[in-house]
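# Structural characterization, general
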Amino acid sequence: MITEKQLAVYLGKDEGALELARRAVAEVEKTARCRCVEATGRLIAEEDGLRVENTVLKLYGNDIARLLEGCDAVYYFCATIGSETDRLIESLKLTDLTLAYAVDLCAGLWVDAYCDELEKNQRARLEEKGKSLTRRFSCGYGDMPLASQASFIDALKADKFLGIRMTEGGMMIPSKTVSAVAGISDGPVNGGRRCDVCVKRGSCDGGICSD
Amino acid sequence: MIDFRGRIILDGATGSLLSERSGAPAGYRLEKLNVENPDVVYSVHRDYVDAGSNVIYTNTFGANPLKLGAETGEVIKAAIEIARKAAGGKAYVALDVGPLGKLIGEGGISFDEAYENYAAVIRAAEDKTDVIVIETMTDLADARIALLAAKENSSLPIMLSMSFEENGRSAFGTDIESFARTVSGMGVSAIGINCSVGPFQMLPMAEKLLSCTKLPVFIKPNAGMPRFENGRTVYDIDKVQFCDAMKKIHSLGVNILGGCCGTTPDYIRTLAEETAGVAERPEYRPVRALSSSTSTVIVEGMKVVGERINPTGKKVFQKALREGDFDYILAQGIEQAQSGADVLDVNVGLNGTDEKANMVRVVEGLQKVVSKPLVIDSSSPEVLEAALRRYNGKALINSVNGKKSSIDSVLPLAKKYGAAVVCLALDENGIPDTIEGRVAIGKMLVAECLKRGIEKEDIYVDTLTMAQSAQKGSAVCTLGALGEIKKTGAGTILGVSNISFGMPHREDINACFLSMAKDAGLDLAIINPSLINIKPSDYARDFLLDKQGAVEEYIAYAAKTDSVKTEELAPEGAPDMTKAIVGGMGSLAKETAEKLIKDMSPLDVAAKHIIPALDRVGELYESGKIFLPQLIAAADSAKQAFAVLEEKMKESGEAEGDRCFVLATVKGDIHDIGKNIVKAVVSNYGFKVIDLGRDVDYKTVLDAVEKNYPCVLGLSALMTTTAQNMADTIGLVRQKYPDLPVLVGGAVITPEYAKSIGGIYCKDANATVRELKKIFA
């Protein structure tokens, strides 16, 4: 899902870095098992924010509200590459810290690429019906609280179907797990860049994110 | 009483039906309906009872304090009441316990917190159901904690099921076999698989589960794979397809059947109608197995137990333990796993450190970074239990021995935690010297295990490896006893490396002993895994078999490899006594003494000839040019020379040296080879040695000091547990003799520890001599 060339962007492009990238990709390929629970639901506006109909999923914050302007439904999901890669990273931390770093980086990109694929497929399905899909948005982006992750897990039964657990600090375990929501609309949707709500937008040189 | 060997129809989905009938949104805590809308909960239960369910699960899947807070007790009580009413005496009621939904361990809630939450659920139910069912577990840690909480807070039978994905692993990576091996010995009445997938995917899983446990098995699949549509979960197979697959599962020998997410009373009715009768299951084939949460090792052929997580004799490891450098310790585990260990022994006993806390930390840490099963190695039952509680797998306990106190404290732990156990062939009288003696203790321990319900395949007898250099016939005795034990059908285990203690090129001897032990039927070899590929040498084999002249041949072989020239030991021009003693030639030493004594006093012979020879031996030993057998042989030769002098002194009425050294291996410790070497060497320097033996009571030591005062006391201890007894002995003696010098030594004693208990550290026999010389100077 990720190639060593993509990874080399972060690790450097000399032969040593490429070799490290190759090893990292191979390790993630061996351990990652991409799975997801995905759903669609109608949006209801409530006093304190938006809610997905028939679920406990509330979408708080101005940034998500802006993204979902003009949308009457959402596509939401929870995706993970599983616990095996976490175990590998833990083990590498003790024996080969450089590789651990590269694998961690690669695993993060891996789950993102998987989410890209889910998003792309859903967009294609919707476009067949003449609808459109915004880009995805996750808890912790902009002003959508990280704590909302718990309601994604509840609404999607991601604990039961994917074995996702929350740490006390609100992080999802396995660590390479993403929950996200995207708006569905009959008309065109906001095409805003992810950078618009990124906390690093002031300091980023624009060379890393695919946006 | 539920007959778990009979045919039982469980219920189907409760959550999906409750959502539908109550209109609650996805993600709502449906357990609250027990209080808010009991009628809808009743209707779901009632429909399952009418459809033919013999056991219904209470609506308490997520009813725990972490999800429902203070409402938990009320919700659970209401749930049981509703289920009882709906069952109407026609079905049994099971208290349903689902996962807490929190990460357990680093970053999440603690083991104790998780336990308390499960215990609160169990206690709230007050044993008012017929059975407890722990279900849909994806984390084996979670499952085990729930199970322990249920066992320790209830007397009801327990059913336990985990949830596996299509690839046969739970979301946390547990495979079906490791689940079955781990849980089967922990006192559950039935074990099962539920949720995640449909019955077609569960068919091979059921087959696997049946082959890994002799317990009754239950299967409760979803109505196919889930899909979410506008807040509703939809499943893809109907009741006919569901029951077709379930019939196949039943015919495998699974007699406890039900449905999970997406199944309805209709599915259950058809299931009950179409799976009548008790299907026979294939005969269970017992195997020796050890498991982590993600992998199982079947002990067939010899398996390797990595021995390096152990501080004994390892300075860097000891430092890591003292300084809390757990990464170093965990890395040892990873390295051993990578170099071929099948199982890892974990021993963190080091005096002056908190063994229990360290053990828990290392066991928890290792489980995150290696998938190999662990051997929990400690002499303290308290440490063993702390580790067993937290170990998410089927562990091997190292060890129980033939002492009654050990049997009574360790075997109940093996039984309770479903662990396998190492039985050491020693008892109150120490380690028997004979094959028969060790076999007798081994057999007695096997019988004790069986009596307590520990399965035969979970028993490994250790016939004990002793240093061949210090005790001739050691290897033959160990292996002979091993062969005898093997015939009884019990498993066998040996620490291999000890055989070569005190010898050069230890890896040669270890490799050879390993190969011989393997031939004798060894199941588990505790060894440095990097040694498994070394080809055994014939010299080592002859040494171990006590062949004539084999010690010398082996040492010559090793010396050649080391290019140490033997003449270096006692050069051409060296005095005869030096040649005799360094060469270990007792009769020559005696003859030389007899010659010398004609022209000089006995004390001069000792001071000018024997002592310098012994000093030379000491130097050679310390520089690694000679080894333990030669040291002992030299001491024995010197003894023969001394005997000549003593005889002469008696004749002339000269007094025996008044430099007295009282020596003992402390209470509780039966490892006395080191002490015996000290005795042999020290007595040659003209000190009077009072040897009190091993496992010596505090009072006996005090009495001996009183009798021989002024004197010096020497104490040895080899185990971390007995190091404390060393401290206590010193404490008692010092009450009366505050200035008494005490020399201490032994594998687990460090200079720092020695100082902390008021002793003078001696690393070996030569150091003891140096200290004694200083004290008596």
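Residues numbered from 1 in each chain as written. Chains lettered and ligands numbered in written order. Predicted model: local features only at pLDDT ≥ 70, side-chain atom pairs only at ≥ 80, totals over all residues.

### Some words on the overall build of chain B
This is how it is decided: Strands are runs of DSSP state E lasting at least two residues, helices are runs of H or I lasting at least four, and both sets are numbered from the N terminus onward. Labels follow a simple rule on C-beta atoms placed from the backbone: if 20 or more others lie within 10 Å of a residue's own, it is buried; if 12 or fewer, it is exposed; otherwise it is partly exposed. We call two residues in contact when their backbone-placed C-beta atoms lie within 7 Å.
Along the backbone of chain B there are 30 helices and 25 strands. Projected onto its principal axes, the C-alpha coordinates of chain B cover approximately 115 × 55 × 40 Å. Expressed as a percentage of the 777 residues in chain B, the buried residues total 56%. In chain B, the proportion of contacts linking residues at least 24 apart, taken out of those at least 6 apart, comes to 75%.

### Description of the sheet that holds strand β24 (residues 742-745) of chain B
Residue and element names in this part refer to chain B. This is how the line gets drawn: Strand pairing follows a simple DSSP-based rule, namely that at least 2 bridges must link the two strands.
Taking strand neighbours across the sheet as the criterion, the 5 strands line up as β22-β21-β23-β24-β25 in an open arrangement whose pairing is parallel. Each edge of the open sheet is held by one strand with a lone partner, namely β22 (688-691) and β25 (760-761). Alignment of β24 against β25, held across 2 bridges, turns out to be parallel. Its bridge partner being in β25, V744 is matched across the sheet by Y761.

### Focus: the domain arrangement of chain B
Residue and element names in this part refer to chain B. Test applied: For the domain bounds, the source is a domain assignment made automatically or taken from a database. Note that Gly is not counted as nonpolar here; it falls among the polar residues with everything else outside the nonpolar set of Ala, Val, Leu, Ile, Met, Phe, Trp, Tyr, Cys and Pro and the charged set of Asp, Glu, Lys and Arg.
Splitting chain B by domain gives domain 1 (8-274), domain 2 (299-556), domain 3 (566-652) and domain 4 (660-776). If you average the C-alpha positions of domain 2 and of domain 4, the two centres end up 28 Å apart. At the interface, 15 residues of domain 2 touch 12 residues of domain 4. When grouped by side-chain class, the residues that make up the side of domain 2 that touches domain 4 number 5 nonpolar, 9 polar and 1 charged.

### Thoughts on the sheet that holds strand β1 (residues 35-46) of chain A
Residues and elements named next belong to chain A. Defined as follows: Where helices are involved, their axes are fitted lines through C-alpha atoms of the stretch in contact, as for all axes, and angles between N-to-C directions lie from 0 to 180°.
A sheet is described by the order of its strands in space; here 6 strands give the open sequence β3-β2-β1-β4-β8-β5, paired in antiparallel fashion. With partners counted over all chains shown, the strands left at the sheet margins are β3 (58-59) and β5 (132-133), one partner each. Alignment of β1 against strand β4 (residues 73-80), held across 8 bridges, turns out to be antiparallel. Looking at β4, one finds that A39 is bridged to Y76. Docked against the sheet, helix α5 (residues 97-128) engages β1, β4, β5 and β8 (177-185), running at close to 150° with respect to β4. Running over the sheet, helix α6 (residues 149-156) touches β1, β2 (49-52), β3, β4 and β8 and is turned about 95° from β4.

### Let's talk about helix α13 (residues 326-338) of chain B
Applied cut-off: Take the number of residues in a helix, subtract one, and multiply by 1.5 Å to get its expected span.
For α13(B), spanning 13 residues, the distance from its first C-alpha to its last is 18 Å, which sits close to the expected 18 Å at 1.5 Å a residue. By the burial criterion, the buried members of α13(B) are B:I329, B:L330, B:Q332, B:G333, B:I334, B:Q336 and B:A337. Residues of α13(B) that are buried sit in contact with α4 (84-95) of chain A together with β13 (303-309), α12 (315-323), β14 (343-346) and α14 (355-369) of chain B.

### Examining the environment of B:D615
Within the fold, B:D615 resides in helix α24 (residues 602-622). Linking B:D615 and B:T578, residues 37 residues apart in sequence, is a C-alpha distance of 9.5 Å.

### Brief notes about helix α10 (residues 239-251) of chain B
Residue and element names in this part refer to chain B. Heads up, the condition is: For this quantity, the arc is that covered by the directions from the helix axis to the C-beta atoms.
Its 13 residues give α10 an end-to-end C-alpha distance of 18 Å, which sits within 8% of 18 Å, the value for a rise of 1.5 Å per residue. For α10, every residue scored as buried is listed here: K239, F242, C243, M246, I249 and H250. Down the axis of α10, the buried set is contained in an arc of 110°. They therefore lie on one face. Facing away from the buried surface of α10 by more than 90 degrees, the exposed residues are V240 and S251. Once α10 ends, the next one or two residues include G253, with phi positive near 115°.

### Overview of the packing of helix α17 (residues 435-451) of chain B against helix α18 (residues 474-487) of chain B
All names here are of chain B. Threshold: Every angle not falling under 35 degrees, over 145, or within 65 to 115 is termed oblique; those three ranges are roughly parallel, roughly antiparallel and roughly perpendicular. Should the near helix be turned counterclockwise from the far one by less than a right angle, the crossing is left-handed, whereas a clockwise turn marks it as right-handed.
Between α17 and α18, the least distance of the axes is 8 Å, while the angle of their chain directions is 40°. In terms of orientation, α17 and α18 fall into the oblique class. The two elements α17 and α18 meet at a crossing, and its hand is right-handed. Counted together, I435, R438, V439 and G442 of α17 and C477, G480, A481, E484 and I485 of α18 form the full contact between these two elements. Taken together, the residues that form the contact of α17 with α18 break down as 5 nonpolar, 2 polar and 2 charged.

### Re the interface of chain A and chain B
Contacts between chain A and chain B engage 34 residues on the former and 30 residues on the latter. At the level of secondary structure, the elements contributing two or more residues to the side of chain A that touches chain B comprise β1, α4, α6, α7 (158-162) and β6 (165-166) of chain A. Residue classes in the side of chain A that touches chain B are distributed as 12 nonpolar, 11 polar and 11 charged.

### Comments concerning the environment of B:D327
Residue and element names in this part refer to chain B. Residue placement: D327 occurs in helix α13. Exposure remark for D327: the 14 C-beta atoms within 10 Å place this residue in the partly exposed category. Separated by 78 residues in sequence, D327 and I249 place their C-alpha atoms 46 Å apart.

### Brief notes about unusual backbone geometry
A cis amide bond links A:I173 with the next residue in sequence, A:P174, at an omega value of 0°. By the element assignment, A:P174 lies in the loop between β7 (172-173) and β8. Omega for the peptide link from B:N398 to B:S399 comes to 20°, which places this bond in the cis form. The topology assignment puts B:S399 in strand β16 (residues 396-401).

### Quick notes on the environment of B:K102
Residue position: B:K102 is located in the loop between β3 (92-97) and α6 (111-125). We classify B:K102 as buried; it has 22 C-beta atoms within 10 Å. Spatially, the C-alpha atoms of B:K102 and B:N54 are 32 Å apart, while their sequence positions differ by 48 residues. With residues up to four places along the chain from it excluded, the contact list for B:K102 reads A:R165, A:M166, B:L66, B:G108 and B:I109.

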